[in-house]
Each structure stands twice: as structure tokens, then as C-alpha cells.
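Geometric and topological summary
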Amino acid sequence: MTRALLLENPHIDADTIFNSNDIQVTRIKGALDEEDLIKALNGFEILGIRSKTTVSRRVLEAHPQLAAIGAFCIGTNQIDLAAATERGVAVFNAPYSNTRSVVELAIGEIIDLTRRVTVKNSKLHRGIWDKSADGAHEVRGHTLGIIGYGNIGTQLSVLAEALGLNVIFYDVAERLALGNAKRMPDLASVLREADIVSIHVDGSRSNSELFGDREFSQMKQGALFINLSRGFVVDIEALRSHLVSGHLGGAAIDVFPDEPKANGDEFISPLAGLDNVILTPHVGGSTEEAQLDIGRFVSTKVSDYLHTGSTDMSVNLPNLTLAATPSSRYRIRLIHRNTPGVLALVNQTFAESGANINGQILGTAGPIGYVITDISSELPLEALEAISSMADTVRLVVDPI
């Protein structure tokens, strides 16, 4: 029976799906540091994590038996993908499952900040009745600037337009504008025009401190700022300075450069105590619906990979799926270095052993190649030994069909 170690409590439905695929689950409630993770992984072929556990090259080197990592979240920047790929460890995530939840939170915060609900709420909690329209606006007719026009940015664009917002966006990649959204030539042009700026970039380290004093200075007087992407994207001290000075009208922040490791731990931020700031504890995707979808999606993808070799939606291996024929007896999965002639050598080796190949598919991605081969003959043990010892072989798996 395959064994899976799940950290940080993904949805319980993940266990049900794993168990139904003959995968035994062990859970650890919180995140683990590098040393503890290395110790905990002994004997496990699957690792399931969320955003707080880091899977370093050292962790991967210590556990050559690890076959797959399931990231029960959107990002995979907490995993050393290069090291995982070198060792033939398939990595899967859930790039779409919490999109709607993040977008709905962004929409709610846009309305709350535009109507100054946070300020009114704070005053009323202090016993101050302040029934006034000063500074409160409808969102209709305002301009929303979206930085990062991927899965979340595009869906936010559609819903924002439905509310009557004008949408402009900037992305370093070429993106198709949806509806009436307008692509801007650079970040500065978005900041100059937008009444509200919402950040939805990925976890690439190139986005570190994407927003600092210069970027905030370029924003319109009284503009609103929202970050539901990554904590390291924003210089929090610079943001505080522009809020306290009155240059920015408000902010909503869900992610932080340094976050507590567990619920109940103390949270400290320069933004705490500001009436015009919404602070939430990294809950953009934390709805029951999103967590259910993530748990089911990732556990299904990992289970499929373990049983059929399907790498559909893998973030680091070529995406391949091969349907077995009724005559198929064995499935042979080879992850190899992407060098010329590997497939020819593999097939020559099979042919010399008399193996009958009745299904095969190959894909390459950067430094790695992946080939699935079905045979309808007896298992060619000598051929498999020869393939396993090839210089370019990274991982060889053989399963009966």
C-alpha cells in the first residue's frame, strides 16, 4: 500500500479519495520545518502540503522514495521545483479551485473600502455615531486597475465590470482582455489612472517588493490598494506611510511578508490599528467550497499519477495521459533526462527482448522527458534492467494493468 503524509490539514475529502485508491494517509496538523520534515517523511511516497511547508532540495535529496507532491493550494513557490524535476518527483497543485473565493473577497473589499465601511465600523465600535456621506462612493464608474491578469485577475475583471467598474490591467505576459477591459502598456500607466489597484501576481521571486514607495507615490490621491496575492510583493512600511499621510484612501491586505505559523499565534503588523485598512489572515481562498474543491482536485490528480502515470496538470513534468487497451498487460513509465535518442534506445531495448509495444506516448519539458509505454507481452525483465541503468534514466516505474 502506498503511504501519503499530509500536512497543514487539507480538506478531509482528500483522505477519502486517497483511501479509495489504496493510499494510506497520515496527517500532521501544522507545517513542519526542514529538519522535522526530513524525519517525518521516512517511508512515505506522497507528500501533501499547503502554503506554509517548504520542500527544499535537501528534503528531496533525503527521500529518493518520494514519488509525488500535492500542493493543496494555488502556488508552488514553496517547493524547489527544479530539484523535484531532477529527481522525477511529480508536483500537482490546484490552480483554479479557489479562484472564485479570492475574487469574491476582492469584490467585497472594493465595496467596503469605497463606501468607507471600515471607518464607520471602527467608529461605531468605539461608541461614535458618524452618519455621513463624506468620502463614501458607489463603485460604479470608478476605475479598477488589476496587476496580474491570470486566472484570478480575469475573473475579477468580469465581475467588476458587472458592477459598473471600468477595468484596466497590466501583466508581463501577453493576455487576452475580457469584456471591455483595457490592457495598459506598463505598471505606471495603471497606477496613474486607477481609483482602485488590486494585485494578483504569482509567487515568482521577481515580484518581490513589486510595490514600494515609488509605486505608491504614482497612485492617485485617495486611491485604494488591495493585495490578495503574496506577502513579499508589498513593502508594508511604505504602504503604511502613504496611508497615514492620507495619500492613499484605504487598503485591504490578506497576505503578509511574515505570517504566524499557527492559529492563535500573535500577529504584529505596522498596518494594525488603522481604521481605513482591512486586515485578513490569508483567507482569500479559505472558504469551505474552495477547500473542498482543492482537496478533491489535488488528491485525484496525485492518485491518477500513482495508478496510471497520468501527469495531466502537473506543474513540472510533461502533461501526458495514455488510455490502456484491453490487450495491455504492463505499463512502464520512464522519467528521463531530455537528451536526443532516449526513446529510440528504449524501443530498441524492448524490441531486442521481444516485448510487444501496443501503446506509447512521449513528452518533453525543458530538462526532463517522460514516456509511458504499454506492452501486451510478458514483462521483459532484462530490458527493464538495461533501461533502469541508462545514464539518462531518472525514475522507472512498472505496474501491471
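This text gives an overview of the structure that appears in the document. Note that the structure is a prediction, hence the values are computed from the model and not measured.

Calculation rules
- Residues numbered from 1 in each chain as written.
- Predicted model: local features only at pLDDT ≥ 70, side-chain atom pairs only at ≥ 80, totals over all residues.
- Heavy atoms only, no water.
- Helix = DSSP H or I, 4+ residues; strand = E, 2+ residues; numbered from the N terminus.
- Buried < 20%, exposed > 50% of the residue type's maximum accessible area, 1.4 Å probe, protein only.
- Areas by Shrake-Rupley, 256 points an atom, 1.4 Å probe, with all protein chains shown as cover.
- Lys, Arg positive; Asp, Glu negative; His and termini not counted.
- Charge placed at Lys NZ, Arg CZ, Asp CG, Glu CD.
- Salt bridge = Lys/Arg side-chain N within 4 Å of Asp/Glu carboxyl O.
- Pairing = 2+ DSSP bridges.
- Right-handed = clockwise from strand over helix to strand, strands pointing away.
- Axes fitted to C-alpha atoms, helices over the stretch in contact; angles between N-to-C directions.
- Parallel < 35°, antiparallel > 145°, perpendicular 65-115°, else oblique.
- Left-handed = near helix turned anticlockwise from the far one by under 90°.
- Contact = heavy atoms within 4.5 Å.
- Expected span 1.5 Å × (residues − 1).
- Phe/Tyr/Trp six-rings, centres within 6.5 Å; stacked < 30°, edge-to-face > 60°.

1. As for the overall build of the protein chain
- Along the backbone of the protein chain there are 13 helices and 16 strands.
- Its C-alpha atoms put the protein chain at 85 × 45 × 35 Å along the principal axes.
- When burial is assessed residue by residue, the protein chain has 48% of its 401 residues classed as buried.
- Put simply, the protein chain shows about 18500 Å² of open surface, and 51% of that area lies on carbon and sulfur atoms.
- Charged side chains in the protein chain number 34 positive and 48 negative. The centres of these two groups are separated by 4 Å.

2. Digging into the pattern of salt bridges
- Applying the stated criterion across every chain yields a total of 21 salt bridges.
- Its salt-bridge partner being Asp130, residue Lys123 comes within 3.0 Å of it at the nearest N-O pair.
- When its relative accessible area of 24% is taken as the criterion, Lys123 is described as partly exposed.
- Ionic contacts of the salt-bridge type, sharing partners, join the residues Arg57, Glu61, Asp80, Glu86 and Arg87 into one network.

3. Focus: the pairing of strand 6 (residues 143–147)
- A large share of strand 6 lies buried, amounting to five of its five residues.
- Every second residue of strand 6 is oriented toward a common face, with Thr143, Gly145 and Ile147 on one face and Leu144 and Ile146 on the other, all of them buried.
- With five bridges connecting them, strand 6 and strand 7 (residues 166–170) associate as parallel partners. By the bridge assignment for strand 7, Ile147 is matched with Tyr170.
- Where the polypeptide runs from strand 6 across helix 7 (residues 151–162) and back to strand 7, its parallel neighbour, the crossover connection is right-handed.
- Where strand 6 lies against strand 9 (residues 196–199), four bridges are found, and the strand directions are parallel. Of the residues in strand 9, the one forming a bridge with Ile146 is Ser198.

4. Looking at unusual backbone geometry
- Residues other than glycine seldom take positive phi values, yet Arg116 does so here, at roughly 60 degrees.
- Secondary-structure assignment places Arg116 in the loop between helix 5 (99–114) and helix 6 (117–125).
- Using a relative accessible area of 28% as the deciding quantity, one classes Arg116 as partly exposed.

5. Points about the packing of helix 12 (residues 342–353) against helix 13 (residues 381–388)
- The geometry of helix 12 relative to helix 13 is characterised by a closest axis approach of 8 Å and an angle of 160 degrees between their N-to-C directions. It follows that helix 12 is roughly antiparallel to helix 13 by the angle criterion. Of the two possible hands of crossing, helix 12 and helix 13 adopt the one that is right-handed. Counted together, Val346, Thr349, Phe350 and Ser353 of helix 12 and Ala383, Leu384, Ala386 and Ile387 of helix 13 form the full contact between these two elements.

6. Brief notes about helix 11 (residues 288–308)
- An ideal rise of 1.5 Å per residue puts 30 Å on 21 residues; helix 11 measures up with 30 Å between its terminal C-alpha atoms.
- Here helix 11 has its buried residues at Ala290, Gln291, Ile294, Gly295, Val298, Ser299, Lys301, Val302, Ser303, Tyr305 and Leu306.
- A positive phi of about 85 degrees marks Gly309, the residue just after helix 11.

7. Description of the packing of aromatic side chains
- Under the counting rule described, the total for this entry stands at six aromatic pairs.
- Look at Tyr149 and Phe169: their rings are 3.7 Å apart centre to centre, the planes differ by 10 degrees, and that puts the pair in the stacked class. A residue pair is termed long-range when its members are at least 10 positions apart, and Tyr149 in the loop between strand 6 and helix 7 and Phe169 in strand 7 qualify at 20 residues.
- Of the residues examined, Tyr149 reaches a relative accessible area of 1% and is grouped as buried.
- Phe169 sits in the buried class, given a relative accessible area of 0%.
- Measuring from centroid to centroid gives 5.1 Å for Phe216 and Phe225, while their planes differ by 80 degrees, and the two rings are edge-to-face.
- A connected cluster of aromatic rings, assembled from ring pairs, spans Phe211, Phe216 and Phe225.

8. Overview of the sheet that holds strand 16 (residues 393–400)
- Strands sit in the order 14-15-13-16 across an open sheet of four strands; the sheet is antiparallel. Across the chains shown, the open sheet's two edge strands, defined by having one partner strand only, are strand 14 (357–365) and strand 16. Sheet twist, expressed as the mean angle between neighbouring strand axes with direction ignored, is 10 degrees.
- Docked against the sheet, helix 11 engages strand 13 (330–337), strand 15 (368–375) and strand 16, running at close to 105 degrees with respect to strand 13.
- Helix 13 rests against strand 13 and strand 16 of the sheet, and its axis sits at about 155 degrees to strand 16.

9. Quick notes on the sheet that holds strand 8 (residues 182–183)
- With parallel pairing, seven strands are arranged side by side in an open sheet as 8-7-6-9-10-11-12. Each of the sheet's edge strands pairs with one partner strand only, and the pair in question is strand 8 and strand 12 (277–279).
- Where helix 10 (residues 236–244) meets the sheet, its contacts fall on strand 10 (223–227), strand 11 (248–253) and strand 12, and the angle it forms with strand 11 comes to roughly 140 degrees.

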